[in-house]
Amino acid sequence: TTRLEQRMSAVEEEAAVREPLDLIRLALDEKVYVKLRGDREIRGRLHAYDQHLNMILGDVEEVITSVEIDDETYEEIIKTTKRAVPYLFIRGDSVTLVSPPLRS
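Residues numbered from 1 in each chain as written. Predicted model: local features only at pLDDT ≥ 70, side-chain atom pairs only at ≥ 80, totals over all residues. Heavy atoms only, no water.

1. A word on the overall build of the chain
Phase 1 of the analysis: Looking only at helices and strands, the chain has 2 helices and 5 strands in total.
Phase 2 of the analysis: Listing the helices and strands of the chain from first to last along the sequence gives α-α-β-β-β-β-β.
Phase 3 of the analysis: Here the chain, with 104 residues, has 22% of them falling under the buried criterion.
Phase 4 of the analysis: A separation threshold of at least 6 residues defines the contact pool for the chain, and within that pool the share at least 24 residues apart is 46%. (Helix = DSSP H or I, 4+ residues; strand = E, 2+ residues; numbered from the N terminus. Buried < 20%, exposed > 50% of the residue type's maximum accessible area, 1.4 Å probe, protein only. Contact = heavy atoms within 4.5 Å.)

2. Examining the environment of Val17
Phase 1 of the analysis: Of note, Val17 is situated in the loop between helix H1 (3-14) and helix H2 (20-25).
Phase 2 of the analysis: Judged by its relative accessible area of 47%, Val17 is partly exposed.

3. Description of a nonpolar patch on the surface
Phase 1 of the analysis: There is a patch of nonpolar side chains on the surface, built from Val67, Ile69, Tyr74 and Ile78 and spanning about 460 Å² of accessible area.
Phase 2 of the analysis: Looking at Val67, the relative accessible area reads 49%, which means it is partly exposed. (Patch = residues over 30% accessible without salt bridge, like charges linked within 9 Å, V, L, I, M, F, W, Y side chains within 5 Å. Areas by Shrake-Rupley, 256 points an atom, 1.4 Å probe, with all protein chains shown as cover. Salt bridge = Lys/Arg side-chain N within 4 Å of Asp/Glu carboxyl O.)

4. What about the pattern of salt bridges?
Phase 1 of the analysis: All chains considered together, the criterion is met by 6 salt bridges.
Phase 2 of the analysis: The residue Arg40 makes a salt bridge to Glu62 at a minimum N-O spacing of 2.4 Å. Placement of the pair is Arg40 in strand E2 (residues 40-49) and Glu62 in strand E3 (residues 55-69), with a sequence separation of 22 residues.
Phase 3 of the analysis: You can call Glu62 buried: its relative accessible area is 1%.
Phase 4 of the analysis: One salt bridge connects Asp93 with Arg91, and the closest N-O pair in it is separated by 3.1 Å.
Phase 5 of the analysis: Overall, the relative accessible area of 43% leaves Asp93 in the partly exposed class.
Phase 6 of the analysis: By relative accessible area, Arg91 is classed as exposed at 54%.
Phase 7 of the analysis: Taken together, the shared-partner salt bridges connect Arg40, Glu62 and Arg83 into one network.

What follows is the structure in structure tokens.
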């Protein structure tokens, strides 16, 4: 095999997904969607993570959804609160879903 073929094979091997955290590794420095306990959703650029799914995200938009009951009509009122945060540390045990960016 040529040097170019060896290099291409190494790149393909590095991009391979063999275990779940490999998918997260491929999303480093990309925008990801993270769903957390407590009806919280986060979108941001993944800067770092570990085996516990603790993560550091940058350029974060957090959306918190809460349901309240109207005292008079007993109807559910769904409220969403958004906030922008430059950097955010997410503790892994609160993570329920991580969606990497779509690849074409």
